[in-house]
2 protein chains.
Amino acid sequence: MAEFDLIERIRSRAPSRADVVLGIGDDAAVVRVPADRELVICTDTLNAGVHFPLHTAPFDIGWKALAVNLSDLAAMGAQPAWCTLSLSIPGDDPVWLDSFLDGFLALAGQHAIALIGGDTTRGPLSIGVTVHGLLEPGRALRRSGAQLGDDIWVSCTLGDAAAALVLMGKADAGAIAGGDTNASPLAELRERLDRPQPRVALGLGLVGVAHAAIDISDGLWSDLGHVCKASGLGAVLEVDALPASPALALGFDTTARRTLQASGGDDYELCFTAPAGARAQIEAIAVQTGTPVTRIGRMVAGTQVAGVDADDAPWVPERTGWVHFSD
Amino acid sequence: MAEFDLIERIRSRAPSRADVVLGIGDDAAVVRVPADRELVICTDTLNAGVHFPLHTAPFDIGWKALAVNLSDLAAMGAQPAWCTLSLSIPGDDPVWLDSFLDGFLALAGQHAIALIGGDTTRGPLSIGVTVHGLLEPGRALRRSGAQLGDDIWVSCTLGDAAAALVLMGKADAGAIAGGDTNASPLAELRERLDRPQPRVALGLGLVGVAHAAIDISDGLWSDLGHVCKASGLGAVLEVDALPASPALALGFDTTARRTLQASGGDDYELCFTAPAGARAQIEAIAVQTGTPVTRIGRMVAGTQVAGVDADDAPWVPERTGWVHFSD
């Protein structure tokens, strides 16, 4: 396929929206931004063998490339609107491309986001996505908004994606012993690695309620550390409160589980802070958006993220950040 | 350098604007779009060894990565506003990064465009840029707007970037004989290849005057072909009217020169169509914006781009499109 055939193949399937004046096919796209909204922009690139294992199914690569970007919009409390796709692929494979688009567009459809442009180049497999969202002026959920005494919350469960990589032998297990491929259903963990669910509805619900939010791409300790730094505060986490999926709990002992939850990346859950008075409201938002949330700690004076176990003894993960594996 | 150090190095140098609510450093950037403007978005990725020779100076790589994107905004008649940068680099080299940023930010400064976000990944050298521009509603210069009888114009000169690649031995010379490295000053041609000047001011001036526009990244024949297809028309070009730089004219015979001008890519000049009644106005815009323009043909019935020489004999280039070279 020449570049133009590739683009035509993408264009013919790209979803649009009423606010798209000009989509794929000119030098640039043109869209209308409502006068009463701010524009939210972010971009993330996934490289094969760095951000996903080389043999990941093309459907999942397409899904994940959009999901990690929508997750950033979710962390701002923004409503997704439009995206562009820069696709670098090594060869001609229409079957691969169609399957990739199946995954990308399945998620795009769920969030009514239009694919308005992009480019295709020849090279090692790499997918760059830029997403655009909308929010009411001044309402962005920033990293810098956390306040002393805020509860710290996290959506769904933590550590599943990292657990999948450990069981697949793709991550440096390091201190993580106890990975039991017989006990732990790899398929469920792998689903979390390959098809993360951006928490867009939760993020939208938290606007005006949460003080700060971030999505967890590099690991809870590391990402909450960004909130601490931006807000000039510290955080104390109750490590036994960190939510674990049944699959994670089955396959890993307590130490390994805690390490995966504290430092495993690629889950794309939201971590947010909110005043204690908002607990009931947050529980209601969780129910309305179908996104479980768990209170895992609170913002304190200081600069660091600290952990305590059920006996109030300090707990520190053996590593605090997630280095994306390499195939 | 870890990813966060890289980002901090970029953030510390990134220019902002008054309409940037939140720049680099959160999950996403937030900007304000004026209520009386449409938003123009495009994205282009450059891969080392495909879109620029492997040993291109980092300053020039940074410059060109932004330039090719601004050129797309120019072709729409849009005013540049904000950009994001996705940088995939193979290793740690702060000197390389600073020089790359010198080039990127030099051009950004010329066009008062803010760098509001992006990401860095480890991988083969690849630079993805998304640019955002603004224009009055309904005023975009589309490919589809050309009308029967329109003049066809092009900015500055054509074929220089391709000539540089031929002289460097980086392009398949094919039919291009007569490349004379002694006669032709490679440095001048190389400057055109490495530091293309996006014709932003010209594009802005042409809003409301030109009927259609495109930037020439793949070669005149190929890119004007997109205008023909989108507008349902054909084009006749006077091949001896195609503007040549002194450096190109010195180093190549007529056949080689014509081929480079007709099919050489990477010049990032604007090709646009306009009614004959606008000639004086277009000449004035050219003077005001310091951008030479040349009338090179007209839009006719049909579907193809055709060439005629000074004797009105048909002329067809040996190739009509530009395939980016590979190192």
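Just so it is clear, the model here is predicted, and its values are computed rather than measured.

Rules of the game
Residues numbered from 1 in each chain as written. Chains lettered and ligands numbered in written order. Predicted model: local features only at pLDDT ≥ 70, side-chain atom pairs only at ≥ 80, totals over all residues. Heavy atoms only, no water. Helix = DSSP H or I, 4+ residues; strand = E, 2+ residues; numbered from the N terminus. Rg over C-alpha atoms; globule rule 2.2 N^0.38 Å. Buried < 20%, exposed > 50% of the residue type's maximum accessible area, 1.4 Å probe, protein only. Contact = heavy atoms within 4.5 Å. Areas by Shrake-Rupley, 256 points an atom, 1.4 Å probe, with all protein chains shown as cover. Lys, Arg positive; Asp, Glu negative; His and termini not counted. Charge placed at Lys NZ, Arg CZ, Asp CG, Glu CD. Domains from an automatic or database assignment. Buried area = accessible area lost by both parts, 1.4 Å probe. Salt bridge = Lys/Arg side-chain N within 4 Å of Asp/Glu carboxyl O. Polar contact = N/O pair within 3.5 Å; in protein donor to acceptor, adjacent residues only side chain to side chain. Axes fitted to C-alpha atoms, helices over the stretch in contact; angles between N-to-C directions. Parallel < 35°, antiparallel > 145°, perpendicular 65-115°, else oblique. Left-handed = near helix turned anticlockwise from the far one by under 90°. Nonpolar A, V, L, I, M, F, W, Y, C, P; charged D, E, K, R; others polar. Expected span 1.5 Å × (residues − 1). Pairing = 2+ DSSP bridges. UniProt positions renumbered as here; feature names shortened; annotations may be inferred.

1. Some words on the overall build of chain A
Then step 1. For chain A, the count of helices and strands is 10 helices and 13 strands.
Then step 2. Over its C-alpha trace chain A gives a radius of gyration of 20 Å, about what one expects of a compact globule, namely 20 Å for 327 residues.
Then step 3. By its C-alpha atoms, chain A is 65 × 50 × 30 Å across when sized along the principal axes.
Then step 4. Put simply, chain A has 327 residues, and 59% of those count as buried.
Then step 5. In chain A, once contacts between residues fewer than 6 apart in sequence are set aside, the share between residues at least 24 apart is 87%.
Then step 6. Working note: accessible area of chain A is about 11700 Å², and carbon and sulfur atoms make up 51% of it.
Then step 7. Each charge sign in chain A was given a centre, from 23 positive and 40 negative side chains, and these centres are 3 Å apart.

2. Thoughts on the domain arrangement of chain A
Residues and elements named next belong to chain A.
Then step 1. Segmenting chain A into domains produces domain 1 (3–135) and domain 2 (150–315).
Then step 2. Each of domain 1 and domain 2 has a C-alpha centre, and the two are 27 Å apart.
Then step 3. Facing 21 residues of domain 1, the contacting portion of domain 2 comprises 21 residues.
Then step 4. Counting each side, the surface lost to burial between domain 1 and domain 2 is near 1700 Å², with a carbon and sulfur contribution of 60%.
Then step 5. Sorting the residues of domain 1 by area buried against domain 2 places Pro53, Trp63 and Lys64 first, and these three jointly supply 27% of that buried surface.
Then step 6. Put simply, domain 1 and domain 2 have two salt bridges between them.
Then step 7. The partner of aspartate 266 in a salt bridge is lysine 64, with the nearest N and O atoms 3.3 Å apart.
Then step 8. Taken together, the connections running from domain 1 to domain 2 amount to five residue pairs in polar contact (both at pLDDT 80 or more).
Then step 9. At the level of secondary structure, the elements contributing two or more residues to the side of domain 1 that touches domain 2 comprise α2 (58–76), β4 (79–89) and α3 (94–110).

3. Section: the packing of helix α4 (residues 160–167) of chain B against helix α5 (residues 186–194) of chain B
Residue and element names in this part refer to chain B.
Then step 1. With their axes 7 Å apart at the nearest point, α4 and α5 run at an angle of 120 degrees to one another. On the basis of the axis angle, α4 is oblique to α5. Helix-helix and strand crossings are classified by hand; for α4 and α5 the assignment is left-handed. Residues Asp160, Ala161, Ala163, Ala164, Leu165 and Leu167 of α4 touch α5, and the partners they reach there are Leu186, Leu189, Arg190, Arg192 and Leu193.
Then step 2. Split into classes, the residues belonging to the contact of α4 with α5 amount to eight nonpolar, no polar and three charged.

4. Some thoughts on unusual backbone geometry
Then step 1. Phi at alanine 112 of chain A is positive, roughly 50 degrees, even though this residue is not glycine.
Then step 2. Topologically, alanine 112 of chain A is positioned in the loop between α3 and β5 (114–122).
Then step 3. Of note, cysteine 156 of chain B is a non-glycine position whose phi angle comes to about 50 degrees, a positive value.
Then step 4. Looking at the secondary structure, you find cysteine 156 of chain B in the loop between β7 (151–155) and α4.

5. Notes on helix α7 (residues 220–231) of chain A
Note that an α-helix has 3.6 residues per turn; residues three or four places apart therefore point the same way.
Then step 1. Compared with the 16 Å implied by 1.5 Å per residue over 12 residues, the 16 Å span of α7 of chain A between its first and last C-alpha is a close match.
Then step 2. Looking at α7 of chain A, one finds that the buried residues are Leu220, Trp221, Ser222, Asp223, Leu224, Val227, Cys228 and Ser231 of chain A.

6. Here we look at the pairing of strand β6 (residues 126–135) of chain B
All names here are of chain B.
Then step 1. Buried residues dominate β6, accounting for 10 of its 10 residues.
Then step 2. Residue alternation in β6 divides its side chains into two sets, Ser126, Gly128, Thr130, His132 and Leu134 and Ile127, Val129, Val131, Gly133 and Leu135, and both sets are buried.
Then step 3. Sheet topology places strand β4 (residues 79–89) next to β6; nine bridges connect them, and they run antiparallel. Within the sheet, the bridge partner assigned to serine 88 lies in β6 and is serine 126.

7. Quick word on the UniProt feature "binding site: Mg(2+) 5" (unreviewed entry) in chain A
Residues and elements named next belong to chain A.
Then step 1. Under the present numbering, the feature "binding site: Mg(2+) 5" (unreviewed entry) in UniProt falls on Asp218.
Then step 2. With respect to the helices, strands and loops of the structure, aspartate 218 is situated in the loop between β8 (212–215) and α7.
Then step 3. By relative accessible area, aspartate 218 is classed as buried at 12%.

8. Here we look at the packing of α2 of chain A against α3 of chain A
Residue and element names in this part refer to chain A.
Then step 1. Running from amino to carboxyl end, α2 crosses α3 at an angle of 35 degrees, the nearest separation of the two axes being 6 Å. Regarding α2 and α3, the two cross each other, and that crossing is right-handed. Here α2 contributes Pro58, Phe59, Ile61, Gly62, Trp63, Leu66, Ala67 and Leu70 to the contact with α3, which in turn contributes Trp96, Ser99, Phe100, Asp102, Gly103, Phe104, Ala106, Leu107, Ala108 and Gln110.
Then step 2. Along the lines of polarity and charge, the residues of the contact of α2 with α3 split into 13 nonpolar, four polar and one charged.

9. As for the environment of serine 88 of chain A
Then step 1. Relative to the assigned elements, serine 88 of chain A resides in strand β4.
Then step 2. A relative accessible area of 4% places serine 88 of chain A in the buried class.
Then step 3. Not counting the four nearest positions on each side in its chain, serine 88 of chain A is found in contact with Thr121, Arg122, Gly123, Pro124, Leu125 and Ser126 of chain A together with Asn47 of chain B.
Then step 4. A distance of 3.4 Å separates polar atoms of two side chains, one belonging to serine 88 of chain A and the other to threonine 121 of chain A.

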